Amino acid sequence: RAFEEIYSLYHRRLARFLTRLTRRYDVAEEVINDTFWIVWKKAGDFRGDSQPSTWILGIAYRRARNAFRSSARAGSPENLDVLLEPPTSDEPMRTEELRDWLVQALGQLPVEQRLAVELCYELGYSCEEISAIMGCPVNTVKTRLFHARAKLQKLLPVLGGSSPPTG
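I will try to describe carefully the structure that is included in this document. (Residues numbered from 1 in each chain as written. Predicted model: local features only at pLDDT ≥ 70, side-chain atom pairs only at ≥ 80, totals over all residues. Heavy atoms only, no water.)

We now examine the nonpolar core. Ranked by internal contacts, the top residues of the largest apolar core, which has 40 residues, are Phe17, Leu18, Leu57, Leu119 and Met134. Those elements that provide at least two residues to this core are helix H1 (2-19), helix H2 (25-42), helix H3 (52-73), helix H4 (92-107), helix H5 (111-122), helix H6 (127-134) and helix H7 (138-159). With residues near it in sequence (within four places) discarded, leucine 57 still touches Leu14, Phe17, Leu119, Leu123, Tyr125 and Ile133. (Core = buried A, V, L, I, M, F, W, Y, C linked by side-chain atoms within 4.5 Å. Buried < 20%, exposed > 50% of the residue type's maximum accessible area, 1.4 Å probe, protein only. Helix = DSSP H or I, 4+ residues; strand = E, 2+ residues; numbered from the N terminus. Contact = heavy atoms within 4.5 Å.)

Right, dumping it as structure tokens:
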């Protein structure tokens, strides 16, 4: 019964996170199933050092990373296009164009930077929580976010047809 509650509580959140990393719903669902299998087997090992959501998302993150690596080794690189909700605007055409630029720019970031951006800006996790999820020091998370923002600052104007800001 408790496992059903955990599944109900976290399935949608995991699905949202994973389908933003890949358009392959079969891969996302496989990672979700693997994640819940690990949660079931390792529930007794959870020490409460973090929130349960951080622990569960950390498992999903590692499972997704492994799935993407396996896919790349098998010769079929995973499509890691990021699917973001478009910003609201009175100009639907412009909004769609901005969304396309953002998707393209995020697609050019290294996977670790892209995941950090997704966890921070889309899912609202703190650097400390992202550190626990990604299994790296907090300063590494901050560095990944810094470099991702710097790259996006250069990429977005180019995609929009203007020159990047200098400085």
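So much for the structure itself; the text now carries on.
The next point concerns the side chain of serine 131. Locating serine 131 in the fold gives a position in helix H6. For serine 131, a relative accessible area of 11% gives the class buried. Excluding residues within four positions of it along the chain, serine 131 makes contact with Cys136, Pro137, Val138 and Val141.

A separate point is the pattern of salt bridges. This model, assessed by the stated rule, comprises three salt bridges. The residue arginine 1 makes a salt bridge to glutamate 4 at a minimum N-O spacing of 3.4 Å. Across the pair, exposure class does not vary: arginine 1 and glutamate 4 are exposed alike. One salt bridge connects arginine 144 with glutamate 112, and the closest N-O pair in it is separated by 3.5 Å. Note that arginine 144 is positioned in helix H7 and glutamate 112 in helix H5, a separation of 32 residues in sequence. (Salt bridge = Lys/Arg side-chain N within 4 Å of Asp/Glu carboxyl O.)

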